[in-house]
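Architecture and fold: a report
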Amino acid sequence: MSKLTYRGSEYTKFKSVRLHKDDEVVVIAGKEKGKRGKILVIDKKRDRVVVEGLNKRKRFLRPTQENPQGGVVEVEAPMHISNVMFYDSKKKKGVRVGYQENKGKKVRVSKPEGKEI
């Protein structure tokens, strides 16, 4: 039997994530391709991000004391981090992100030009 890539504690492919929470990203693959949104959650262990307003799924809630009716709620589902790209509002498109040393500090820069994000 082969070993699974994710067993609860060990990290997978993307050890250093260049995207942060509240970054605006554009989806580059999948059914939501071309849409933009803000990152709500990053799960480094599973290489997943939750983007605001994208990849919606219906959740069926059973009746509780707080919600006696129950019902259907739409929530954002996680998508793989390789399917999103940082969105540069000046260039109006997705750009790659890298790091550069600036006055002794490590800052994020957009890849082709090296402009600070």
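Preceding this paragraph is the structure being described.
In this text the structure is predicted, and so the values were computed from the model without any measurement.

Broken down by element type, the protein chain carries zero helices and 10 strands. Ordered by position in the sequence, the α and β elements of the protein chain form the string β-β-β-β-β-β-β-β-β-β. Per-residue burial for the protein chain yields a buried fraction of 26% across its 117 residues. Across the protein chain, every contact between residues at least 6 apart in sequence was considered, and the portion connecting residues at least 24 apart equals 40%. Of the roughly 8,800 Å² that the protein chain leaves accessible, carbon and sulfur atoms contribute 48%.

Across the sheet, which stays open at both edges, the six strands sit in the order E6-E3-E2-E1-E7-E8 with antiparallel pairing between neighbours. Strands at the two margins of the open sheet, each flanked by one partner only, are strand E6 (79–80) and strand E8 (93–95). Sheet topology places strand E1 (residues 24–27) next to strand E2 (residues 36–43); three bridges connect them, and they run antiparallel. If you follow glutamate 24 over to E2, its bridge partner there is lysine 38.

Considering all chains together, one arrives at eight salt bridges under this definition. Of the charged contacts in the structure, one is a salt bridge between glutamate 76 and lysine 56, with a shortest N-O distance of 4.0 Å. With a gap of 20 residues between them, glutamate 76 in strand E5 (residues 71–76) and lysine 56 in strand E4 (residues 56–61) connect regions that are remote in the sequence. The class of lysine 56 is partly exposed, set by a relative accessible area of 34%. Ionic pairing is found between lysine 58 and glutamate 74, a salt bridge with its closest N-O pair at 3.4 Å. Here the residue lysine 58 occupies a position in strand E4, and glutamate 74 occupies one in strand E5, the gap between them amounting to 16 residues.

Time to look at the side chain of arginine 108. Within the secondary structure, arginine 108 is located in strand E10 (residues 105–110). A distance of 2.8 Å separates a polar atom in the side chain of arginine 108 from a polar atom in the side chain of aspartate 23. In contact with arginine 108, not counting residues within four places along its chain, are Arg18, Leu19, His20, Asp23, Phe86, Val97, Gly98, Tyr99, Lys115, Glu116 and Ile117.

Okay, a positive patch on the surface next. Taken together, the side chains of Arg18, Arg96, Lys106 and Lys111 present a region of like positive charge at the surface. Assignment of secondary structure puts lysine 111 in the segment after E10.

Scoring rules and cut-offs
- Residues numbered from 1 in each chain as written.
- Predicted model: local features only at pLDDT ≥ 70, side-chain atom pairs only at ≥ 80, totals over all residues.
- Heavy atoms only, no water.
- Helix = DSSP H or I, 4+ residues; strand = E, 2+ residues; numbered from the N terminus.
- Buried < 20%, exposed > 50% of the residue type's maximum accessible area, 1.4 Å probe, protein only.
- Contact = heavy atoms within 4.5 Å.
- Areas by Shrake-Rupley, 256 points an atom, 1.4 Å probe, with all protein chains shown as cover.
- Pairing = 2+ DSSP bridges.
- Salt bridge = Lys/Arg side-chain N within 4 Å of Asp/Glu carboxyl O.
- Polar contact = N/O pair within 3.5 Å; in protein donor to acceptor, adjacent residues only side chain to side chain.
- Patch = residues over 30% accessible without salt bridge, like charges linked within 9 Å, V, L, I, M, F, W, Y side chains within 5 Å.
- Lys, Arg positive; Asp, Glu negative; His and termini not counted.
- Charge placed at Lys NZ, Arg CZ, Asp CG, Glu CD.

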